[in-house]
Amino acid sequence: MTMTDATFKYDVAFSFTSEDEPLANDLNDLLQDAFNTFIYSKKQEEIAGTDGEQSFGDVFGRDARFVVVLFRSAWGTTPWTRIEQTAIRNRAFNDGYDFTLFLPTEASATLPPWVPKNRLWIGLERFGLKGAASVIEARVRDAGGTPRVESPLERAARLKRVMDFEQERKAFLGSEAGVKAARQEVEKLIETLATASE
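Residues numbered from 1 in each chain as written. Predicted model: local features only at pLDDT ≥ 70, side-chain atom pairs only at ≥ 80, totals over all residues. Heavy atoms only, no water.

Side note on the overall build of the protein chain
Formally: Runs of H or I in DSSP of at least four residues are treated as helices and runs of E of at least two as strands, each being numbered from the N terminus. Summary of the burial criterion: residues with accessible area below 20% of their type's maximum are buried, those above 50% are exposed, and those between are partly exposed, where the area comes from a 1.4 Å probe applied to protein chains only. Whether two residues are in contact is decided by their heavy atoms: any pair within 4.5 Å suffices. Where accessible areas are quoted, they stem from the Shrake-Rupley method and a 1.4 Å probe; at the residue level, only the protein chains shown are allowed to cover. We score Asp and Glu as negative and Lys and Arg as positive, and we do not count His or the chain ends. Note that the charge is assigned to NZ on lysines, CZ on arginines, CG on aspartates and CD on glutamates.
The secondary structure content of the protein chain amounts to seven helices and four strands. Listing every helix and strand of the protein chain by position from the N terminus yields β-α-β-α-α-β-α-β-α-α-α. By its C-alpha atoms, the protein chain is 55 × 45 × 35 Å across when sized along the principal axes. Every one of the 198 residues in the protein chain was classed for burial, and the buried ones make up 37%. The contacts of the protein chain with a sequence gap of at least 6 include a subset with a gap of at least 24, amounting to 69%. Element-wise, carbon and sulfur atoms account for 56% of the exposed surface of the protein chain, whose accessible area totals about 12,100 Å². Here the protein chain holds 25 positive side-chain charges and 31 negative ones, and the gap between their average locations is 3 Å.

Written out as C-alpha cells, the structure is:
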C-alpha cells in the first residue's frame, strides 16, 4: 500500500550522523523555504517529551514524503541512525526505495548492501550543495510535493541567513580557530601526499 499526500507531515526528512549535521543544516537551509523539512535539531519543540524511538520511526517510516540520507560508513550504527535505518527499510519493504536519496559524505562510502544496486546517488564533490538541493527538489516534485511560493518576508529571512552565514564564515577564516583549522588541513594534506608517494 503506497502512501497518499494526506499522510505526509514533511516533504523532506534528513537522516545523518553527528559529523554531517552542518551539511544537513546547509541543505535544509536551501530547501526549507520551498518545502516542509525535518531536521531533528530544528524540530526539537515538536519531538521534545515524546518517545524518541517512536517519533523518529514515524518521521522516516511514514511522515516524510522523501528521505535524504547523508551516508557515511557510521550511518546506521549509531543509536538514532539505527532507528532511522530500520524505519526506512521497513517502509521500503512495502513501498520500494523511490522515497530515498543517498548522498555519500565520505570519499570511500559505498551503499549499504541492502539498498538495491540500481539506486543512483549523487556525489556532493561533483555537484555541490546547490546541485544536491536541486536534485532533492526534483525528486520531491516527482513524489507529488509542491514547493511553496516564497513570500517577501520568507525571501528576506532566507537572504539574512545567507548574509549571517557569510559573516560567520569570514570571521572564522580570520580567527585563531580558523587559522588552526587551516593548518590542520594542510598537515593532513601533506601527510596524505607523503603516504601516496611511498
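Additional details are given in the paragraphs that follow.
Points about the pattern of salt bridges
Worth spelling out the cut-off: By definition, a salt bridge exists where a carboxyl oxygen of Asp or Glu is found within 4 Å of a side-chain nitrogen of Lys or Arg.
In the structure shown here, the tally under the stated rule is ten salt bridges. Residue R65 pairs with D11 through a salt bridge whose shortest N-O separation is 3.2 Å. Pair noted here: R65 is in strand β3 (residues 64-71) and D11 is in strand β1 (residues 10-15), with a separation of 54 residues, a long-range link. For the pair R65 and D11, a shared accessibility class is recorded, and that class is buried. The structure contains a network of salt bridges with shared partners spanning D20, R72 and E106.

Examining the sheet that holds strand β2 (residues 37-38)
In plain terms, the rule: For two strands to count as paired, DSSP must find a minimum of two bridges between them. For helices, the fitted line uses only the C-alpha atoms of the stretch in contact; every axis is such a line through C-alpha atoms, and the angle between N-to-C directions lies from 0 to 180 degrees.
With parallel pairing, the four strands of this open sheet are ordered in space as β2-β1-β3-β4. For this open sheet the edge positions go to β2 and β4 (100-104), each flanked by a neighbour on one side alone. Judged from the two bridges that link them, β1 and β2 form a sheet pairing that is parallel. When the bridges of β2 are listed, A13 appears paired with F38. Lying over the sheet, helix α5 (residues 124-142) contacts β1, β3 and β4, oriented at roughly 170° with respect to β4.

Examining the pairing of β1
The buried fraction of β1 is high, at six of six residues. Pairing of β1 with β3 involves five bridges; the strand directions are parallel. By the bridge assignment for β3, F14 is matched with V68.

Notes on the packing of aromatic side chains
Quick note on the threshold: Only Phe, Tyr and Trp rings are paired, with Trp represented by its six-membered ring, and only when their centres lie within 6.5 Å; those with planes under 30 degrees apart are stacked, over 60 edge-to-face, the remainder tilted.
What the rule picks out here adds up to twelve aromatic pairs. Where F56 meets W80, the ring centres are 5.1 Å apart and the plane angle is 35°; that geometry is what we call tilted. Of this pair, F56 sits in helix α3 (residues 52-63) while W80 is found in helix α4 (residues 79-95), placing the two residues 24 residues apart along the sequence. Between F102 and W114, the ring centres sit 6.3 Å apart and the planes meet at 70°, which makes this aromatic pair edge-to-face. With F102 in strand β4 and W114 in the loop between β4 and α5, the pair connects residues that are twelve residues apart, well separated along the chain. Classification of F102 by relative accessible area gives buried; the value is 3%. The rings of Y10, F16, F38, Y40, F56, F60 and W80 are connected pair by pair, giving a single aromatic cluster.

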